Amino acid sequence: MKLKNLKIKSYLNYILIAAATVFFLVLSLTGNLKTSTAYLLEEMAIKIMLAVSLSLVVGFLGELSLGHAGFMCVGAYLGGKVAAMLVGPLGNSFLTLVIALVVGGICAGVCGFLIGLPALRLRGDYLAITTLAFGEIVRTIFQNTSAETFGGPIGLPTPRFNDKYFYVICFILVLVTLFVIQNLIRSKHGRAIKAIRDNEIAARATGINVTRYKLLGFIMSAVFAGLAGVLYSYTKFNVSSQIFDYNYSIEILVIVVLGGMGSINGSIISAIAITFLNRELANVLTGDLAILKDLVYALILIVIVIYKNAPALKGFREKYNFKALTAKLTKKKAAAASAEKEEG
Amino acid sequence: MEFLTTFVNGLSLGGIYAMIALGYTMVYGIAKMLNFAHGDIIMVGGYTISLFLGANPIVAILASMIFCMLLGVVVEKVAYKPLRGASPLAVLITAIGVSYLLQSIAQMLFGSAPKFIVIADLGILKIGELAIGYSTIITLACSVVVMVALSLFVKFSKTGRAMVAVSEDKGAAQLMGINVNRIIMITFAIGSALAALASVFFLLKAPTMSPTFGSLPGIKAFTAAVIGGIGSIPGAMIGGLLLGVIECFAQAVPAISPYTDAIEFSILIILLLVKPSGLLGKMRREKV
């Protein structure tokens, strides 16, 4: 009974995401889905992929990466370029998309391998600045390409998948990402990765091949960021290197940290919430109030992080959190039930 | 001749980077945190100067330094102090939040368009074929003075030695009767004042300021601090000067000038591959 329960629980996120996709698909088939909502869904799917893949490195491998946008940039540019070249002979078809995804994913994965190499030698903050440097290097290189190759400062024109159901494809890829990364984490390899996070020396002493698993973590994370990049290039008419600066990497890192380190579901929820919040704040605060959006975002960020992490607030957190409250309620119910039983 | 001009310009730019890098490296050494909002203090300093420019420029600069000192201390007290002892990543994210906050406040107060802030027009010094701006010379001189003064302060004053002690072992320093909270506060104050001073020299070089101005110099100075070995004060100076010279030489060659940032960051990565803790950083081997 308990085992069965656990199984449903561990697949709940796939089921919920698939159900939500089907729900929106039905909405759009009956013509009730606004185009802006479809765009928002595409954006959410891309953010989820980025957050889940970064979570593998930051939350499970325990290495701080500030260059996730760099991998996405590689995927967006190379995948987008391949797509733009193939649109002629193959048309803007599903096959083109698949080839673009494969190319973008592999190229990003190679970059993940390259950035994983210094990660073997560097610790903590040194690695953080290296990943940041990597992201900026990639961006600068693409920004200075010629107009014929990658568009340079104007940006690379990419085919937009002219289909209002593109978000369905995005969500299918989200499911693929979840499937691969979640299964990786739950497998023997995932336990090795977590062991490295908890204590690298102890992990090495128990015979875990630290080199191999660190590289594996970086490559997997980069591949899915690259795939997200290809999807991004498909949602836009033009890919510009400007958006892939380190602020974008930080945005993804913020999503992962707010979602809770080492929690895939937390990353998903916070990616959805933050994308939604960003969009809503942008809709509500127009004109002169638009500046308030960043202010509110910054304040929320600071308050949440301090509230969740301050050692001084530990007692308060333990007293008033969701788990404790639900536990109290169930206890009360149980007590009432047992009292009833005794009376009867 | 052109070589010499570029070299002097590079040293002067490097001096500015070194000043900012000192703030990074001291805060890192003592509070063990990456203060991502440090770059934005430069921006705040620049705007504060513009508010006081009606008076004497020197007064404006001093006012800006004092304001940034207070700001640094307040930020430390409100945003970072509650998180002392929490995970480093949480502190990092808070610092990022503070950075966003400062940028958006500046945007509200001064608008997002770049603003012209002319402190003084100093002219150009000509010796034969050599032409160097007076601002460059002043920048270089000031940065040397600041670096020497800071080195002496850290080495000989009681507070400075307390700083070194805290950065080496916080617990032991506390047991020796050092008020760690006070030392951290002083570190933030000094770092922020140096950032404000750096903004003066940036404005002398190019008199514009925008809310996101601080990001890139902040990252560059952070790179400089890491090249020198983060936590090491002479390291930050060497790293800053090195980075400034490299930047100016890369910009002087037309073929590679668009890739200046990429070159600087590549040098960082290559250097870290050879020396994983920077030029002067201490390698701490983990023991079981």
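Residues numbered from 1 in each chain as written. Chains lettered and ligands numbered in written order. Predicted model: local features only at pLDDT ≥ 70, side-chain atom pairs only at ≥ 80, totals over all residues.

## With respect to the overall build of chain B
Here comes step 1: Secondary structure assignment for chain B yields 11 helices and 4 strands.
Here comes step 2: With the C-alpha coordinates of chain B rotated into their principal frame, the extents come out at 60 × 45 × 35 Å.
Here comes step 3: Each of the 288 residues in chain B was classed as buried or not, and the buried ones make up 50%.
Here comes step 4: Taking the intrachain contacts of chain B between residues at least 6 apart in sequence as the baseline, contacts between residues at least 24 apart amount to 75%. (Helix = DSSP H or I, 4+ residues; strand = E, 2+ residues; numbered from the N terminus. Buried ≥ 20, exposed ≤ 12 C-beta atoms within 10 Å, placed from the backbone. Contact = placed C-beta atoms within 7 Å.)

## Focus: the overall build of chain A
Here comes step 1: Secondary structure summary: chain A contains 15 helices and 2 strands in total.
Here comes step 2: Oriented by its inertia axes, the alpha-carbon framework of chain A measures out at about 85 × 60 × 45 Å.
Here comes step 3: Within chain A, buried positions represent 42% of all 344 residues.
Here comes step 4: Within chain A, contacts between residues at least 6 apart in sequence are counted, and of these 80% link residues at least 24 apart.

## A short note on the nonpolar core
Buried together is how nonpolar side chains tend to be arranged in soluble globular proteins.
Here comes step 1: Met49 of chain A together with Ile20 of chain B are the most contacted members of the largest nonpolar core, which totals 189 residues.
Here comes step 2: If we ignore the near neighbours within four places in the chain, the residues touching Ile20 of chain B are His38, Ile42, Leu194, Ala195, Ala198, Pro217, Gly218 and Ala221 of chain B. (Core = buried A, V, L, I, M, F, W, Y, C linked by C-beta atoms within 7 Å.)

## Details of the pairing of strand E2 (residues 124-127) of chain B
Residue and element names in this part refer to chain B.
Here comes step 1: Strand direction decides the pairing type here: E2 and strand E3 (residues 130-133), joined by 4 bridges, are antiparallel. Across the sheet, the residue bridging to Lys126 is Ala131, located in E3.
Here comes step 2: Count of turn residues in the E2/E3 antiparallel hairpin: 2 residues, of which Gly128 carries a positive phi of about 60 degrees. (Pairing = 2+ DSSP bridges.)

## Points about the interface of chain A and chain B
Here comes step 1: In this complex, chain A contributes 32 residues to the contact, which on the side of chain B involves 38 residues.
Here comes step 2: Among the elements of the structure, helix H6 (124-143), helix H11 (246-259) and helix H13 (290-309) of chain A are those that each provide at least two residues to the side of chain A that touches chain B.
Here comes step 3: Take the side of chain A that touches chain B: its biggest share by element is 11 residues, from H13 of chain A.
Here comes step 4: A class-by-class count of the residues in the side of chain A that touches chain B yields 24 nonpolar, 4 polar and 4 charged. (Nonpolar A, V, L, I, M, F, W, Y, C, P; charged D, E, K, R; others polar.)

## Digging into the confidence of the model for chain B
Here comes step 1: Of the residues in chain B, 98% reach a pLDDT of 70 or more, and the chain-wide mean stands at 89.
Here comes step 2: Across the predicted assembly, pTM comes out at 0.86 and ipTM at 0.85. (pLDDT = per-residue confidence, 0-100.)

## As for H6 of chain A
Here comes step 1: Its 20 residues give H6 of chain A an end-to-end C-alpha distance of 29 Å, which sits within 8% of 28 Å, the value for a rise of 1.5 Å per residue.
Here comes step 2: Counting buried residues in H6 of chain A gives 18 out of 20 residues, a clear majority hidden from the surface. (Expected span 1.5 Å × (residues − 1).)

## A few points about the packing of helix H1 (residues 2-31) of chain B against helix H5 (residues 134-156) of chain B
Packed helices, taken two at a time, are described by the angle between their axes plus the distance between the axes.
All names here are of chain B.
Here comes step 1: At a closest axis distance of 8 Å, the pairing of H1 and H5 adopts a crossing angle of 40 degrees. Taken together, H1 and H5 sit at an angle that is classed as oblique. With respect to the hand of their crossing, H1 and H5 are arranged in left-handed fashion. Residue-level contacts link Val8, Asn9, Leu11, Ser12, Gly15, Ile16, Ala18, Met19 and Leu22 of H1 to Thr136, Thr139, Leu140, Ser143, Val146, Met147 and Leu150 of H5.
Here comes step 2: Grouping the amino acids of the contact of H1 with H5 by side-chain chemistry returns 10 nonpolar, 6 polar and no charged. (Axes fitted to C-alpha atoms, helices over the stretch in contact; angles between N-to-C directions. Parallel < 35°, antiparallel > 145°, perpendicular 65-115°, else oblique. Left-handed = near helix turned anticlockwise from the far one by under 90°.)

## With respect to the domain arrangement of chain A
Here comes step 1: As assigned here, chain A comprises domain 1 (2-309) and domain 2 (317-344).
Here comes step 2: Using C-alpha coordinates to define each centre, domain 1 of chain A is positioned 40 Å away from domain 2 of chain A. (Domains from an automatic or database assignment.)

## Structural notes on the packing of helix H2 (residues 38-52) of chain B against helix H4 (residues 88-110) of chain B
All names here are of chain B.
Here comes step 1: Between H2 and H4, the least distance of the axes is 9 Å, while the angle of their chain directions is 25 degrees. The orientation of H2 with respect to H4, classified from their angle, is roughly parallel. Relative to H4, H2 is oriented so that their crossing is left-handed. Each of Asp40, Met43, Val44 and Tyr47 in H2 lies in contact with H4, whose residues at this interface are Ser99, Leu102, Gln103, Ala106 and Phe110.
Here comes step 2: Classifying every residue of the contact of H2 with H4 gives 6 nonpolar, 2 polar and 1 charged.

## Notes on the confidence of the model for chain A
Here comes step 1: Confidence in the prediction of chain A, expressed as mean pLDDT, is 86, and 95% of residues score 70 or more.
Here comes step 2: Highest mean pLDDT in chain A belongs to helix H10 (residues 210-235) of chain A (93); lowest belongs to helix H1 (residues 2-10) of chain A (63).

## Examining unusual backbone geometry
Residue and element names in this part refer to chain B.
Here comes step 1: One non-glycine residue, Lys32, adopts positive backbone phi at about 55 degrees.
Here comes step 2: The topology assignment puts Lys32 in the loop between H1 and H2.
Here comes step 3: Given 15 C-beta atoms within a 10 Å radius, Lys32 is considered partly exposed.

## Some details on the environment of Ser99 of chain B
All names here are of chain B.
Here comes step 1: In this fold, Ser99 is placed in helix H4.
Here comes step 2: Residues Ser99 and Ala255, spaced 156 residues apart in sequence, show a C-alpha to C-alpha distance of 34 Å.
Here comes step 3: Leaving out residues up to four positions away in the same chain, Ser99 has contacts with Phe36, Ala37 and Asp40.

## A look at helix H3 (residues 35-60) of chain A
Residue and element names in this part refer to chain A.
Here comes step 1: For H3, with 26 residues, the first-to-last C-alpha span of 36 Å sits near the 38 Å given by 1.5 Å per residue.
Here comes step 2: The sharpest bend along H3 reaches about 30 degrees and sits at Leu54.
Here comes step 3: Most of H3 is tucked away, with 21 of its 26 residues classed as buried. (Bend = angle between axes of the 7 residues up to and from the residue.)

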